Amino acid sequence: MNVLVINAGSSSVKYKLFLIENEKLLAEGLVDRIGLNGSNLLHKPIDKPEVNIKSDIPNYETALSMVMDALTDVNYGVIKSPYEISAIGHRVVHGGEKISSSVLITEEIENIIKECFDLAPLHNPPNLMGIQACKKLLPHTKQVAVFDTAFHVTIPKEAYLYAIPYRLYADYSIRRYGFHGTSHRYVANIACELLGQPLEKLKMITCHLGNGCSITAIKEGKSIDTSMGFTPLEGLIMGTRSGDIDPAIIFYLVERIGLSIQEVNSMLNRESGLLGLSGISRDMRDILKSAEEGNEMAINAIKCFVYRIKKYIGAYSASMGGLDVLVFTAGIGENSSLIRSLICKGFEYLGLYIDEEKNSNSQRKKAINTDDSKVKVLVIPTDEELMIARDTAEICGLNTT
Ligand code: AMP
């Protein structure tokens, strides 16, 4: 049985098709520039050469119809008919306070996704368009929504409330929601498999360090705090997002420097973070290379990036009353032994020691702590699409491994 995973973004659709019995990836692809000039579909069947199809793709229905055609094409397809897709799992960014797990999509769920449009204006509308297009194309196929925010619904009030007038929470739902939940949940589950211990018994911190970065404290199997907040802008230093800043900087920029609110918004989301600090790139690889060559701005950017993460690890260890497991994932977390090493320095007081040899070997799923380290430190490649496929299969009662 096959599960199709769909991630419909503002002008793109990413997809992956899994054979669910053994979780084998059969094909993946990207429809890009939907509704814009130069739209195209890049389709990558796993055992055949990839194809790039340039075409006019005005909307999500056309995009998904092309995906179905590609998946079933006689030359580069991987299934014979769309009816071989047993269920479809959709990534949805925001489920607000009502959604605490992945769910079968019904009219009620679609309405909840709509209610959250204001909270995720760039993501929830295309997510819903993807769902509606799939429903039109395959009306009898079950569809499941897997929400980025759902894993964080367990965060207690003292961690999700901002100290602003309470009515802003009551009337406008302004609170911490947290994002990357599917990734944090996936790596936490894999960590437990590797350690042979249940999540409920572990105090765990998961660091998702990619272009977007967030860190989550997991206690008794539940997310109890996370660094992204009302939006993904809060928390760690990211590729181009500032993460935490003093909100008064915004007033200063507007009132004293004369920037418009749109300019400040764009600056904090697209020109800050590693890019803003280094003046070089948002890509950690470029920054590491420049730092190696002695570039001071690059060195500073790395120091700030690492320091912020250390601060959160300290804070979350305090929130949980200790730490058993620290997990690194996503592009930087999975690939940069130097950044992992810098982050882990200074946590000896928690009983955390890493083995530099294990840290620097190229294996992607591994423990990097020393044998006598009280805290286990793991590197685990994230796979949000596989998590979505697993949830979809479970909710739809399909056989899994
Ligand atoms: P992601 O959003 O998970 O794809 O991660 C993107 C980030 O991972 C970018 O900042 C990349 O520079 C970074 N990254 C990928 N590979 C490496 C690597 N080998 N060393 C350091 N950073 C890396």
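Predicted model, so just to flag it, every value in this text is computed and none were measured.

> Can you tell me about the overall build of the chain, naming the residues and giving the values?
Secondary structure assignment for the chain yields 15 helices and 14 strands. Over its C-alpha trace the chain gives a radius of gyration of 22 Å, about what one expects of a compact globule, namely 21 Å for 401 residues. By principal-axis analysis of the C-alpha atoms, the chain measures approximately 60 × 55 × 45 Å. Within the span of the chain, comprising 401 residues, buried residues form 51% of the whole.

> So what's going on with the packing of helix α10 (residues 284–292) against helix α11 (residues 296–320)? Which residues, and what values?
Between two packed helices, the angle of one axis relative to the other and the distance separating the axes together describe the packing. Two numbers describe how α10 lies on α11: the axes approach to 8 Å, and their chain directions differ by 125°. The orientation of α10 relative to α11 falls into the category oblique. By crossing handedness, the relation of α10 to α11 is classed as left-handed. On the side of α10, the interface is formed by M284, I287, L288, S290 and A291, while α11 contributes A298, I299, A301, I302 and F305. Of the residues belonging to the contact of α10 with α11, the class tally is nine nonpolar, one polar and no charged.

> Report on the sheet that holds strand β4 (residues 40–45), specifying residues and quantitative values.
Reading across from one edge, β5-β4-β3-β2-β1-β6-β8-β7 is the order of the eight strands in this open sheet, with mixed pairing throughout. Looking at the sheet topology across the chains shown, the edges are occupied by β5 (51–54) and β7 (103–104). Sheet topology places strand β1 (residues 2–8) next to strand β6 (residues 85–92); five bridges connect them, and they run parallel. Bridge pairing in β6 links I6 to H90.

> Account for the sheet that holds strand β12 (residues 325–329), with residues named and values stated.
Strand order in the open sheet formed by six strands is β11-β10-β9-β12-β14-β13, with mixed pairing between adjacent strands. Of all the strands in the sheet, just β11 (222–226) and β13 (366–367) have a single pairing partner and so form its edges. Where strand β9 (residues 203–209) and strand β10 (residues 213–219) come together, seven bridges link them in antiparallel fashion. Looking across to β10, one finds that H208 is bridged to S214. Relative to β9, helix α6 (residues 181–195) is tilted by about 130°, and along the sheet it contacts β9, β10, β12 and β14 (376–379). Against the sheet, α11 touches β9, β10, β11 and β12, its axis set at about 15° to β10.

> I'd like a description of empty space enclosed by the protein, backed by residues and values.
The probe, sized like a water molecule, is rolled over the atoms to show the empty space still left. Applying the stated criterion across every chain, the model contains one cavity of 30 Å³ or more. Considered as a void within the structure, the largest cavity measures approximately 30 Å³ in volume. Every residue lining the largest cavity is listed: G96, E97, T149, V153, R175 and Y177. Looking at the lining of the largest cavity, its residues break down into two nonpolar, two polar and two charged.

> Please give an account of the pattern of salt bridges that cites residues and values.
Inspection of the entire model under this criterion finds 15 salt bridges. Between R364 and E334 there is a salt bridge, with the nearest N and O atoms lying 2.4 Å from each other. Taken as a pair, R364 in the loop between α14 (356–360) and β13 and E334 in helix α12 (residues 330–335) lie far apart in primary sequence, 30 residues in all. Connected through salt bridges with shared partners, the residues R176, D225 and E234 form a single ionic network.

> Tell me about the site of the ligand, residues and numbers included.
Inspection of the region around the ligand gives G210, N211, R282, D283, M284, R285, L288, A330, G331, I332, N335 and S336 as its neighbouring residues. At 2.3 Å, a side-chain N or O of D283 approaches an oxygen atom of the ligand. Separating an oxygen atom of the ligand from a backbone N or O atom of R285 is a distance of 3.2 Å. The set of elements that each furnish at least two residues to the shell around the ligand consists of α10 and α12. The biggest single contributor to the shell around the ligand is α12, with four residues.

> Talk me through the packing of aromatic side chains; I want residue IDs and the actual numbers.
Across all of its chains, the model carries five aromatic pairs by this definition. For the ring pair Y177 and F230, a centre distance of 6.4 Å and an interplane angle of 40° mean the geometry is tilted. Of the two residues, Y177 is situated in the loop between α5 (166–172) and α6 and F230 in the loop between β11 and α7 (248–255); the sequence distance between them amounts to 53 residues. With a relative accessible area of 27%, F230 lands in the partly exposed category. For the ring pair Y312 and Y316, a centre distance of 5.6 Å and an interplane angle of 75° mean the geometry is edge-to-face. Taken together, the residues Y312 and Y316, both in helix α11 and four residues apart, mark about one turn of the helix. Through a chain of ring-to-ring contacts, the aromatic side chains of Y160, Y166 and Y169 assemble into a single cluster. Lying over the aromatic face of Y160, R175 brings its terminal NZ or CZ to 3.6 Å of the ring centre. Positioned above the aromatic ring of Y177, the side-chain terminus of R175 is 4.9 Å from the ring centre.

Reading the values: rules and limits
- Residues numbered from 1 in each chain as written.
- Predicted model: local features only at pLDDT ≥ 70, side-chain atom pairs only at ≥ 80, totals over all residues.
- Heavy atoms only, no water.
- Helix = DSSP H or I, 4+ residues; strand = E, 2+ residues; numbered from the N terminus.
- Rg over C-alpha atoms; globule rule 2.2 N^0.38 Å.
- Buried < 20%, exposed > 50% of the residue type's maximum accessible area, 1.4 Å probe, protein only.
- Axes fitted to C-alpha atoms, helices over the stretch in contact; angles between N-to-C directions.
- Parallel < 35°, antiparallel > 145°, perpendicular 65-115°, else oblique.
- Left-handed = near helix turned anticlockwise from the far one by under 90°.
- Contact = heavy atoms within 4.5 Å.
- Nonpolar A, V, L, I, M, F, W, Y, C, P; charged D, E, K, R; others polar.
- Pairing = 2+ DSSP bridges.
- 1 Å grid on protein atoms, 1.4 Å probe; cavity = no way out; pocket = protein on both sides within 12 Å on 5 of 7 lines; lining within 4 Å.
- Points joined across faces, edges and corners; volume = space filled by probe spheres on them.
- Salt bridge = Lys/Arg side-chain N within 4 Å of Asp/Glu carboxyl O.
- Near = heavy atom within 4 Å.
- Polar contact = N/O pair within 3.5 Å; in protein donor to acceptor, adjacent residues only side chain to side chain.
- Phe/Tyr/Trp six-rings, centres within 6.5 Å; stacked < 30°, edge-to-face > 60°.
- Lys NZ or Arg CZ within 6 Å of the ring centre and 35° of its normal.

Function-wise, these values are silent; they only describe arrangement.
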